[in-house]
Amino acid sequence: MPPSTIAVIGGGITGLSSAFHLSRRFPQASIILLEKSSRDGGWIRSRRVEVKDSHGNKAEILLEAGPRSLRPNSKAILELTNLLHLTSSIITTPKSSKAAKDRFLHIPGRPGLTRLPSSPLSLLSTPYASSILVPSILREPIRRANRPKDADDESVSSLLARRFGHKLERIFGSALVHGIYAADARALSVKATFPILLEAEERGRGSIVLGMLKAGSKESDLQQYDVGDVQSLVNDAAVFSFVDGLGTIPKSLREYLDKSEKVTVRTNAVVTSLRPKLNAEGIEVDLANGETLSASHVVSAIPLDRLEDLLPSHGALPHLTTNPMSSVTVVNIVFPPSKTPIHPPGFGYLIPRPVGGYSRRGTGFLGTVFDSCSLGAQDTGAPGFTKLTVMLGGPYEITPAHTKIENVLAQLQHHLSPIHHRIGGARLPWPVYFEAMEHNECIPLPLVGHVRRMEELRAALKTGPWKGKLEVIGASVDGVSVGDCVEAARKVGRDW
Ligand SMILES: Cc1cc2nc3c(=O)[nH]c(=O)nc-3n(C[C@H](O)[C@H](O)[C@H](O)COP(=O)(O)OP(=O)(O)OC[C@H]3O[C@@H](n4cnc5c(N)ncnc54)[C@H](O)[C@@H]3O)c2cc1C
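Going by an unreviewed UniProt entry, the chain carries the name Protoporphyrinogen oxidase and comes from Sanghuangporus baumii. Regarding the chain, the relevant UniProt record gives this comment under Pathway (unreviewed entry): "Porphyrin-containing compound metabolism; protoporphyrin-IX biosynthesis; protoporphyrin-IX from protoporphyrinogen-IX: step 1/1." Under the heading Function (unreviewed entry), UniProt records this for the chain: "Catalyzes the 6-electron oxidation of protoporphyrinogen-IX to form protoporphyrin-IX."

Shown next as structure tokens:
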């Protein structure tokens, strides 16, 4: 029986895009989206702030508190962009730009920023990084195959160390994982986060490098997605966003849903429990205000550990509390126009795991994104202001002292110092805008074995009291990127 009433729990990007796709697939069904807070969008939060320098020059700067850019390889995002008619507000960061090519590390113990190679030609101009990368990569194919027998998963760190050596793992692998997951690479499942590495190892009969070289042209599944001309707009883009930031997507989804007669979006609607009906088909959804809604089908688009709190004992599901969540402090900073550039042109820099691990006395810095380089086109008014975003936390314990403006500026000065020393020891100017936001438990961390556990969760949903009427998706199930969330939302309810 096709669904008659669908309740979507959670109004982040997963819930909003689920309601969007479900309303197109089941136009006869009534859909209600329930979001506990007063706004939808979840971790996506774009805003404009007005800034002024000491000469009275004003600008409006677009800042992101959560995600800031999308990768064009997510066909589900390209499709959503097309279906919501957002093409004209796309902003791309071309692959050939410095904002895409020039990426850095700040390696504790080494001054300033260490440039990463972006092509074979750039190996000569990036001597330190190349001195680790080149021998590790050249040696990898001649290392014997060493995947542990019967292990279908391991940590990102374990795979990189086993194939490329501990130094590459610690310096490059840990930094990459800090940038995407704000997490310790030694805990994260490689199968869930970088399956491409395991697949390459398989293809290369033990060698990731040989497997990558063998990667034949993959059959494009583009025709299954209604991407219109969005694909051609982002063909040469490393990443993209929108003039008004990523908040454009939830805002447009909300506008679309509000216009649909069969869809209701309710904010300040806290779901407190879900109960499979015992002697009939369907699910009862209890709200904090005492209401009970009856749905033929439910989509959970909230973190797994929050779902656990909603389930009755006769509807218990496995593995909902296995994975921890990472907490991150995001610091948006805007500097006034200055003669000395605040940072070198580029995407930004990441900081690897310290040699001794994550000490409590560490700076807490995971990395910094140079937003003006890639997304400066979002800003209006007087030119020359520099926006950047510092990320702190994850595996580090953060105290209020870490996020004080003086401390953040002192660290930035230390990381960016060579550029300032070169130009007469200039210090960073005092920012015209500074905001530190603590995002508690914002990124789910799939631990080793996550993929198998999620298969078991899906199997349990199909059988037992839920009888396939409850689907569980979102960042903590299918991948944390906005693209992963929308891809899962696009597939939800396919078996109904
Ligand atoms: C700082 C940061 C930077 C990031 N950067 C990027 C990036 O650049 N690119 C990228 O692709 N991804 C990025 N991500 C990841 C991506 O933004 C998230 O994984 C994604 O937005 C999660 O969306 P979601 O809808 O699954 O979950 P959420 O956004 O967490 O939404 C879940 C919603 O459910 C609601 N809810 C919870 N419990 C209940 C309840 N009981 N009843 C009703 N509602 C409930 C919550 O209020 C929330 O609104 C970033 C994430 C963070 C935190």
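Draft legend 1. Main features of the overall build of the chain. Across its full length, the chain carries 17 helices and 20 strands. Compactness check: the chain gives a C-alpha radius of gyration of 24 Å against a globular reference of 23 Å for 496 residues, within 12% of the reference. For the chain, the spread of C-alpha atoms along the principal axes amounts to about 75 × 65 × 45 Å. Counting the 496 residues in the chain, one finds 53% classified as buried. Pairs at least 24 residues apart make up 73% of the contacts formed inside the chain by residues separated by at least 6 positions. When the accessible area of the chain is evaluated, it comes to approximately 22,700 Å², of which 54% is carbon and sulfur surface.

Draft legend 2. A look at the pattern of salt bridges. This model, assessed by the stated rule, comprises 28 salt bridges. For E435, the salt bridge goes to R47, with nearest N and O atoms at 2.8 Å. Linking E435 in strand β19 (residues 433–444) with R47 in strand β3 (residues 46–52), this pair joins segments that are 388 residues apart in sequence. For E435, a relative accessible area of 25% puts it in the partly exposed group.

Draft legend 3. Highlighting the nonpolar core. Within the largest apolar cluster, 43 residues are counted, with the highest numbers of intra-cluster contacts made by I6, L22 and I249. In this structure, I6 is in contact with L22, F26, A29, S30, I31, I32, H297, V299 and W496, ignoring residues within four places of it in sequence. With 37 residues, the next largest nonpolar core counts L105, L168, A182 and V209 among its residues.

Draft legend 4. Main features of unusual backbone geometry. Positive phi values are uncommon outside glycine, yet H319 reaches one of about 70°. Take H319: it is sitting in the loop between α12 (304–310) and β14 (325–335). One non-glycine residue with positive phi stands out, namely K467, at about 50°. Structurally, K467 can be placed in the loop between α15 (450–462) and β20 (470–472). On the accessibility criterion, K467 (40% relative accessible area) is partly exposed.

Draft legend 5. The arrangement of the domain arrangement of the chain in detail. The assigned domain composition of the chain is domain 1 (5–43 + 248–322 + 448–491) and domain 2 (46–73 + 88–100 + 324–444). Spacing between the C-alpha centres of domain 1 and domain 2 amounts to 34 Å. Each partner contributes residues to the interface: domain 1 has 11 residues there, and domain 2 has 12 residues. Carbon and sulfur atoms make up 69% of the area that domain 1 and domain 2 hide from each other, which totals about 850 Å². Interface area lost by domain 1 to domain 2 is led by W43, V480 and V482, which between them contribute 55%. Here domain 1 is connected to domain 2 by one salt bridge. Its salt-bridge partner being R306, residue E441 comes within 3.0 Å of it at the nearest N-O pair.

Draft legend 6. Region of the structure containing the sheet that holds strand β2 (residues 30–34). In spatial order, the strands read β9-β2-β1-β13-β20; together these five strands make up an open sheet with parallel pairing. Looking at the sheet topology across the chains shown, the edges are occupied by β9 (263–266) and β20. In this sheet, neighbouring strand axes are inclined to one another by 15° on average, regardless of whether the strands run parallel or antiparallel. Where β2 lies against β9, four bridges are found, and the strand directions are parallel. By the bridge assignment, I32 is partnered in β9 with T264.

Cut-offs applied
Residues numbered from 1 in each chain as written. Predicted model: local features only at pLDDT ≥ 70, side-chain atom pairs only at ≥ 80, totals over all residues. Heavy atoms only, no water. UniProt positions renumbered as here; feature names shortened; annotations may be inferred. Helix = DSSP H or I, 4+ residues; strand = E, 2+ residues; numbered from the N terminus. Rg over C-alpha atoms; globule rule 2.2 N^0.38 Å. Buried < 20%, exposed > 50% of the residue type's maximum accessible area, 1.4 Å probe, protein only. Contact = heavy atoms within 4.5 Å. Areas by Shrake-Rupley, 256 points an atom, 1.4 Å probe, with all protein chains shown as cover. Salt bridge = Lys/Arg side-chain N within 4 Å of Asp/Glu carboxyl O. Core = buried A, V, L, I, M, F, W, Y, C linked by side-chain atoms within 4.5 Å. Domains from an automatic or database assignment. Buried area = accessible area lost by both parts, 1.4 Å probe. Pairing = 2+ DSSP bridges. Axes fitted to C-alpha atoms, helices over the stretch in contact; angles between N-to-C directions.

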